[in-house]
Structures are given as C-alpha cells and as structure tokens.
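Descriptive analysis of the structure
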Amino acid sequence: MPAGQKTNDASEIYHTFSKVMQVKGFEGLIQNIRIKKGWKILDVGCGTGNNTFQLSKMVGEKGKVVGIDPIKERIEKAKDAFSDTSNLEFHQAFGRDASNFGDDFDLVIMVFVLHWLTPAEKEATLKSIFKCLKRGGQLLLNPSNGSDFFKTVIRQLSVYEKITSNFYYIGVDEIKNLLITAGFGDLDISEEYRLVFQGIQSLDDFIHWIAASIHTVDYEPLVVEMLDVCQRQDMSFMYNESGQLTVKHPVYNIYCKK
Ligand SMILES: C[S@@+](CC[C@H](N)C(=O)[O-])C[C@H]1O[C@@H](n2cnc3c(N)ncnc32)[C@H](O)[C@@H]1O
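These figures come from a predicted structure and were not determined experimentally.

Observations concerning the confidence of the model for the chain
In this model, the chain carries a mean pLDDT of 89, and residues with pLDDT of at least 70 account for 94%. Note on residues 1-8: pLDDT is under 50 here. Beyond four places in sequence and across chains, it has 11 contacts.

Here we look at the site of the ligand
Lining the immediate environment of the ligand, one finds 24 residues, of which Gln22, Gly45, Gly47, Gly95 and Val111 sit closest. Of all the secondary structure elements, the ones that give two or more residues to the shell around the ligand are α1 (10-30), α2 (50-59) and α4 (119-132). Here the shell around the ligand takes 3 residues from α1, the largest share from any one element.

Considering the UniProt feature "domain: Methyltransferase" (unreviewed entry) in the chain
Those residues carrying the UniProt feature "domain: Methyltransferase" (unreviewed entry) are residues 41-137 in this numbering. Secondary structure across residues 41-137 comprises 35% helix and 27% strand; the distance between its end C-alpha atoms is 10 Å.

Quick look at α1
Along its length, α1 reaches its greatest deviation from straightness, about 60°, at Ser18. Inspection of α1 places Ala10, Ser11, Ile13, Tyr14, His15, Phe17, Ser18, Met21, Phe26 and Leu29 among the buried residues, and these make up the whole buried set.

Here's the deal with the environment of Ser83
Relative to the helices and strands, Ser83 resides in the loop between α3 (72-81) and β3 (88-92). Ser83 gets classed as exposed once you count the C-beta atoms within 10 Å, which come to 9.

Thoughts on the environment of Val217
Mapped onto the fold, Val217 is located in the loop between α8 (203-213) and α9 (219-231). Among residues more than four places away in sequence, those in contact with Val217 are Val159, Lys162, Ile163 and Leu222.

Notes on the pairing of strand β4 (residues 105-110)
The buried count for β4 comes to 5 of 6 residues, which makes it a mostly enclosed element. Alignment of β4 against strand β5 (residues 133-141), held across 5 bridges, turns out to be parallel. Paired with Ile109 across the two strands is Leu140, which belongs to β5. Once you follow β4 into α4 and on to β5, the crossover reads as right-handed.

Some points on the nonpolar core
By size, the foremost hydrophobic cluster in this structure holds 44 residues, and its most contacted members are Val108, Ile109 and Ile129. It is β4 that provides the largest number of residues to this core, a total of 5 residues. Beyond its immediate stretch of four places on either side in the chain, Ile109 contacts Leu29, Ile41, Asp43, Leu140 and Leu141.

Scoring rules and cut-offs
- Residues numbered from 1 in each chain as written.
- Predicted model: local features only at pLDDT ≥ 70, side-chain atom pairs only at ≥ 80, totals over all residues.
- pLDDT = per-residue confidence, 0-100.
- Contact = placed C-beta atoms within 7 Å.
- Near = placed C-beta within 6 Å.
- Helix = DSSP H or I, 4+ residues; strand = E, 2+ residues; numbered from the N terminus.
- UniProt positions renumbered as here; feature names shortened; annotations may be inferred.
- Bend = angle between axes of the 7 residues up to and from the residue.
- Buried ≥ 20, exposed ≤ 12 C-beta atoms within 10 Å, placed from the backbone.
- Pairing = 2+ DSSP bridges.
- Right-handed = clockwise from strand over helix to strand, strands pointing away.
- Core = buried A, V, L, I, M, F, W, Y, C linked by C-beta atoms within 7 Å.

Quick look at the structure:
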C-alpha cells in the first residue's frame, strides 16, 4: 500500500503488506526443506493466508494445506482471497487446537507467531502441534525476539503497556526446553539478525505495516502516534549503509521433528 493511502480495515492492510514482508521470513524458513507433492501441511497463525497459499501450490492438487488463525477478520480475508484454491482451507482457531485438524500432517509451520503466545499458550500449542503431526513430521517456526524499532519507538507509545502485555519474547534456551517438553527432537536452531525490506520503500509504509500487524491495539491511532514519535527522534538506525530501510530484528529459524 503506498504511503498515505489509508483504510480502516487492518486485515486488508495486513494482507497487502504481508505479501512482501512476511514472505521473506517464510521463504527463508522453507528453503532448507523439500516440500513434496501430496503433503498435508498446517499453517498455525496463518494471518490472511499469503504463505498458506504458497504452500498449497507446492503440495499440488493431491496435497492439502490448512491455515488456522484466531482473528476472525484475517480468516475471512484469507477465505475471500483464495476461495478458488481447492486444496486449501482456512479455519478460525487457536494453535492449541491444532490437533482437532488431524493427526497425519507432514509439516506444520508457524511464521512469526510464537512470540504472540502467552507461556501457557506456547506450551499447549506446541503439544497440540506434536499430536497433529505424523511420526517423522516436521515443525518449522521463526519467532522474533524484539527489534530496534520496538525498543526505541514502541517504548515511547501511550499504548506501550498494552502492546507489550501481548508480546512474550523468549530466548533460545527456553524455546528449546518447550520443544523438547512437547516431544520434539532433531532440533536445529539458527539466528538471523537483519531484515532488509525490499518491498517497503518508506518509513511511513513500515509504520502502517507494524500498526496493522499489532492486532491487539486499534490501527488508526497507533499509526498517528508512531508517526509522531518517529518525527521527534533520530531514525537513522533504521537504515543500512546503502540507505535501505533495514530493521535489526533477531529471529530464530527453528526446525524440529516428531
Ligand atoms: C505476525 S502474524 C503472522 C501471520 C502469518 N503467519 C504470516 O506470516 O503472515 C501473527 C499471527 O499469529 C496469530 N496468533 C495470535 N495468537 C495465536 C494463537 N494463540 N494461536 C495461533 N495463532 C495466533 C495472530 O492472529 C496473527 O495473525
């Protein structure tokens, strides 16, 4: 969405931006595995379904991809956008209910989701995912662990407490323990630090994206306040040596198996 063009529909904005923003993390995560035709895949916290749709093309007509997300508007948007894809379905559901969707998935992905879950939700969700996988099935996830933008701009917002009360960043050792407790093995965890946003040109667009992503706070006032904070402070930390918008954003790329 071009800078300045606004809509009140945060799910619509999320859908537009996630095509360029979320897809990088998604592609980075799946590049190390060979997704086969006929696979059954569950996308937990699928948002408006852009990655879920990509997966449905990879598994072919004989495969099946299910996307689940607790936000009604995002699931409605996903159903609307991809209604003519026969091997794809979307349901409004929490990750902790993953095992309601079967017990024979080849792969489960969670792209930028784990940090939104409370400690109890994390545990319940990973256990439920373990149940829904077939033996040897894989789980891929890439939780974030905060960002420079978060530490500087978000920290100054009047809704900071409300926003942070919904982020549950944890370190790599805690993540490992949770996965092992849920039953997972063959853990492979690496850290990635920088995201260069090729699809987003301006800080203004970035702010619209972040505001639409933070589904726990009203979109419009959040945009206004973030723009105001950014105008009042030095934002040079957001750009790399070539002048590209870049966010220092620690992300763990995690692969494990049942
Ligand atoms: C940053 S978005 C990522 C969406 C999608 N995976 C993508 O890459 O575009 C995080 C998503 O996690 C979802 N979420 C929050 N709590 C959840 C839970 N308990 N179980 C499953 N999904 C959850 C949110 O509704 C949101 O759509």
